[in-house]
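Working through the structure, step by step
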Amino acid sequence: MSLTYALFIATVIGLIGLEGYGYGYWLISRPVFGGALLGLIMGDLKTGLIVGASVELMYMGVLPIGASIPPNSVIAGLIGTALAILSGGKPEVGITLAIPVGVLGQLLVMLAWNINIILVHRADDYCAKDNIHMMEITHLMGLIVFFLVHAVPAFLAVYYGSDMVNQLIGHMPLWITDGLKAASTILPAIGMAMLLRMMDFKRYWPFFLIGFVLSVYLKLPVLPIAIIGIAVAAAIFTLSSKNNPETMLDSDSEVAASTEDEAHLINKKDLMSVFRRSFFTMTSINYERFENLGYAYAMIPALKKIYTDKDQLHEALTRNLEFFNCHPFTLNAILGISISMEEQRALGKPITGESISATKAALMGPLAGIGDSIFKATFMTLFAALGAALSLQGNWFGPILFIVPNILLNLLTRYYGLFYGYKFGSNLIGKIQESDILQKFVDGATIVGLLVVGAMVVNFVKLDLNIVGTIAGAKIDIQKMLDSIFPSMLPLGITMWYYSMLKKKNGIYILLAISFAIGLIGKFFSII
C-alpha cells in the first residue's frame, strides 16, 4: 500500500464522513450510499454496494438521538468498505471489521464533541469583543475536527491495516472464513429486529406478516411490496378520512393575512443567507451547549440586518449563544420564528429578549421529536431499507433510491421551515401539532415499513441447516423438510428472537456475539 494512495483514500473518507456533522446532513455518509460511493471511487462498486448495504442493515436501528452517540455506522461502513476492497473484494471482511470499527468511531465522535467545547468558549470570548468574523471562523473550525475524526483512523486502517488483514485472512482456517461469511448473512436480522422495535409492531404486526408471505410464497421483490404498502396505506387513510375541507394551510391563511401589513426589515435575500448557513448548524456540536454556536452562526446575517446599534447586536448575539439542540431538518422553523421575533422587537413591539429565548427553548423539544421520530427513525430508515435491499443484489439504483428522497426532504424542510416560520411565527408550530398530518404520515410509513421488513427477512437473513438425518433407513434433509412446512422458518425465527432479546441491557452487543457464534460454530461442526 503506497503512502499516496492511503492518503487519498483517507481524504475521501474524511470528506464523505464529515457531512454528517460538518456540512448539511445530506446522508451521503450513510453506509448504504457512502459504501457505494467509496466503492465506485476505488474501482469496485459491487463490493461497495454489498458492504455498505450490509452495514446499513446491521446499524439500521442504531440512531444518534439527542445526546446519545451509538456505535458509528458511518466510520464502520466507510473503513469496512475500504478494507474489503483492499483485501481483494471480500465483503465478509468489511462486514466483520465494521463492528469493532463502529465502536472505535463512537469513541472518536465523542472526542470531537468534547474538543468542540473549546471552540464554543473561544467563540464566547470573540462575542464579548464583538468580533463576529472570528466567531464565524471558530465555528467553522469544527469542520477540521470532524474531518480528522474520520480521516485519521481511515489512514491508519488503510495504510497499516490492509496488509495485515490480507495476511490474517491468508492464514485463517477455512471454517473461520466460511463462518464469517455465514455470520454476515445472519447479522441483518439485528437490523430487522431493531426496526421492529422502532415501529409500532404490536399494533401493526399483520402488515409484517403480509410482507413476509408476499415474499416467501409469491416471490415478490422488496420494491413491489413497498409500492403495495404505499397503496394500502393511502387507501386506509382515504377511507378513514372525515372529509373535513379545512386544512392547516387554510387556517393559517388568516395568520398570513394579519402579518402582510406589518413592517419588515428582513427580505428574501437575507433569509436565503440564513438558509445557506443552516446547513452548518451542527459543525461545532458539543456536549456543553450542543448546536448553540451553529444556531448563532446561521442567525448572524439576519441579526446584522435587524440591529444596526452595536449594543443591541451584541445582546442579540449573546442571546443566541445559549443552549440549543434540535434535529437539523426541523430547526429552520425555529430560526424563522426567532428572526421574526427579533425583527418585531427591533421595530418596537413589546417583545423581550427573555420571551425570544423562552420561545426558542419551548420549540426545541416538539420539533426535535418530529425530526427524530418522523424524519430520522421513519423516513430515512424506510428508504435505507429499500436502498439496502437493492444494493445487496448489486443494483446501483439502491443508493440512488435512498439518497434522492432524503436530499429533497433536507432541502424542502429547511427552506419551507425557515420561510413559513418567519411568515407565520409560533402559530405555525401550533397548527402542526393540532393537525393529524404527522400522525397519518407516521402510521402510513409504519405500514409500508413493516411490509418491507417482512420481505427483507426472507431476502437478506440467511440461515440454512446442513443436517441430514436417517429415519427407517431413509435419509432426510432437515432444511428441505423445514422449507416444505414453512419456508424461511429459521430466518423468521431468529429475527423474532433477536426482537425479544433487544429488551436486555447491551442487547445489540449480545446479538452481535450470538450471530458470529452461530456462524463460526455452525461451520466448524458443518451443521450450517
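Residues numbered from 1 in each chain as written. Predicted model: local features only at pLDDT ≥ 70, side-chain atom pairs only at ≥ 80, totals over all residues. Heavy atoms only, no water.

Moving on, we come to the overall build of the protein. For the protein, the count of helices and strands is 23 helices and two strands. The buried share of the protein, taken over its 528 residues, is 56%. The contacts in the protein between residues at least 6 apart in sequence include a share of 80% that link residues at least 24 apart. For the protein, the computed accessible surface area is about 22400 Å², with 66% contributed by carbon and sulfur atoms. (Helix = DSSP H or I, 4+ residues; strand = E, 2+ residues; numbered from the N terminus. Buried < 20%, exposed > 50% of the residue type's maximum accessible area, 1.4 Å probe, protein only. Contact = heavy atoms within 4.5 Å. Areas by Shrake-Rupley, 256 points an atom, 1.4 Å probe, with all protein chains shown as cover.)

Another aspect to go through is the pattern of salt bridges. Summed over all chains, the structure comprises nine salt bridges. With a closest N to O distance of 2.5 Å, Arg289 and Asp124 form a salt bridge. Remark: Asp124 occurs in helix 5 (residues 91–128) and Arg289 occurs in the loop between helix 13 (268–277) and helix 14 (292–306); sequence separation between them is 165 residues. Among the residues examined, Arg289 registers a relative accessible area of 15% and is labelled buried. With a relative accessible area of 22%, Asp124 lands in the partly exposed category. A salt bridge links Arg277 to Glu136, with the shortest nitrogen-to-oxygen separation between them at 2.9 Å. (Salt bridge = Lys/Arg side-chain N within 4 Å of Asp/Glu carboxyl O.)

Before going further, it helps to spend a moment on the packing of aromatic side chains. As enumerated under the stated definition, the model contains 26 aromatic pairs in all. Seen in terms of ring centroids, Tyr159 and Tyr160 are 4.9 Å apart; in terms of plane orientation they differ by 80°. Their pairing is edge-to-face. A residue is classified by how much of its surface remains accessible, and Tyr160, at 55% relative accessible area, is exposed. These aromatic residues form a ring-pair network of at least three members: Trp26, Phe275, Phe279, Tyr415, Tyr416, Phe419, Tyr420 and Phe424. Over the ring of Tyr499 we find Arg197, and its NZ or CZ is 5.8 Å from the ring centre. The ring of Tyr297 is capped by Arg277, whose NZ or CZ atom sits 4.3 Å from the centre of that ring. (Phe/Tyr/Trp six-rings, centres within 6.5 Å; stacked < 30°, edge-to-face > 60°. Lys NZ or Arg CZ within 6 Å of the ring centre and 35° of its normal.)

Right, let's talk about the packing of helix 1 (residues 3–18) against helix 2 (residues 31–42) for a bit. For the pair helix 1 and helix 2, the least separation of the axes is 11 Å and the interaxial angle reads 155°. The angle between the axes of helix 1 and helix 2 places the two elements in the roughly antiparallel class. Crossing geometry of helix 1 relative to helix 2 is assigned as right-handed. Taken together, the residues of helix 2 that come into contact with helix 1 (itself represented by Tyr5, Phe8, Ile9, Val12, Ile13 and Ile16) are Gly34, Leu37, Leu38, Ile41 and Met42. Of the residues contributing to the contact of helix 1 with helix 2, the split by class is 10 nonpolar, one polar and no charged. (Axes fitted to C-alpha atoms, helices over the stretch in contact; angles between N-to-C directions. Parallel < 35°, antiparallel > 145°, perpendicular 65-115°, else oblique. Left-handed = near helix turned anticlockwise from the far one by under 90°. Nonpolar A, V, L, I, M, F, W, Y, C, P; charged D, E, K, R; others polar.)

With that settled, the discussion passes to the confidence of the model for the protein. Averaged over the protein, the pLDDT score is 85; the fraction of residues at 70 or greater is 89%. In this model, residues 245–249 is a region of pLDDT below 50 whose contacts with residues beyond four sequence positions or in other chains number six contacts. (pLDDT = per-residue confidence, 0-100.)

This part covers a nonpolar patch on the surface. Together, Trp396, Phe397, Ile400, Val404, Leu408, Leu411, Leu412 and Tyr416 give the surface a local cluster of nonpolar side chains, amounting to about 740 Å² of exposed area. By secondary structure assignment, the location of Trp396 is in the loop between helix 17 (353–391) and helix 18 (397–424). For Trp396, a relative accessible area of 56% translates into the label exposed. (Patch = residues over 30% accessible without salt bridge, like charges linked within 9 Å, V, L, I, M, F, W, Y side chains within 5 Å.)

Right, let's talk about the nonpolar core for a bit. Formed by 159 residues in total, the largest nonpolar core has its most connected members in Ile339, Phe402, Val452 and Tyr498. Looking at which element gives the most residues to this core, the answer is helix 17, with 18 residues. Dropping the residues within four chain positions of it, Tyr498 is found in contact with Ile186, Ala189, Ile190, Ala193, Leu511, Ile514, Ser515 and Ile518. (Core = buried A, V, L, I, M, F, W, Y, C linked by side-chain atoms within 4.5 Å.)

What follows deals with helix 13. Given 3.6 residues per turn, any residue in an α-helix points the same way as the ones three and four places further on. Of the positions making up helix 13, those classed as buried are Asp270, Leu271, Val274, Phe275 and Arg277. Buried residues along helix 13 sit in contact with helix 6 (132–140), helix 14, helix 16 (331–346) and helix 18.

Time to look at the packing of helix 10 (residues 201–216) against helix 11 (residues 222–239). Packed helix pairs are specified by the crossing angle of their axes together with the interaxial distance, meaning the distance between the axes. For the pair helix 10 and helix 11, the least separation of the axes is 11 Å and the interaxial angle reads 145°. As helix 10 runs across helix 11, the sense of the crossing is right-handed. Contacts from Phe207, Gly211, Leu214 and Ser215 of helix 10 reach helix 11 at Ile225, Ile228, Val232 and Ile236.

Of note in the backbone geometry, Leu27 takes a positive phi value of approximately 75° without being a glycine. Tracing the backbone shows Leu27 in the loop between helix 1 and helix 2. The backbone of Ser526 shows a phi angle near 55°, a positive value even though the residue is not glycine. By secondary structure assignment, the location of Ser526 is in the segment after helix 23 (507–524). A relative accessible area of 44% places Ser526 in the partly exposed class.

With respect to the secondary-structure elements, Arg319 resides in helix 15 (residues 310–319). Looking at Arg319, the relative accessible area reads 7%, which means it is buried. Within polar-contact distance, the side chain of Arg319 engages the side chain of Glu342 at 2.7 Å. (Polar contact = N/O pair within 3.5 Å; in protein donor to acceptor, adjacent residues only side chain to side chain.)

Before going further, it helps to spend a moment on the side chain of Glu342. Mapped onto the elements, Glu342 comes out in helix 16. A polar atom in the side chain of Glu342 sits 3.4 Å from the side chain of Asn320. Residues contacting Glu342, with those up to four places away along its chain left out, are Met299, Leu303, Ile306, Tyr307, Ala316, Arg319, Asn320 and Ile356.

On the secondary structure map, Lys376 appears in helix 17. On the basis of relative accessibility, which here comes to 7%, the residue Lys376 falls in the buried class. Spatially, the C-alpha atom of Lys376 lies 8.8 Å from that of His327, the residues being 49 residues apart in sequence.

The first and last C-alpha atoms of helix 18 sit 39 Å apart over 28 residues, in line with the 40 Å expected at 1.5 Å per residue. Looking one or two places after helix 18, you find Gly425, whose phi comes out positive at around 70°. (Expected span 1.5 Å × (residues − 1).)

Right, let's get into the environment of Asn320. Relative to the assigned elements, Asn320 resides in the loop between helix 15 and helix 16. In contact with Asn320, other than residues within four places in its own chain, are Asn292, Tyr295, Ala296, Met299, Leu303, Glu342 and Lys360.

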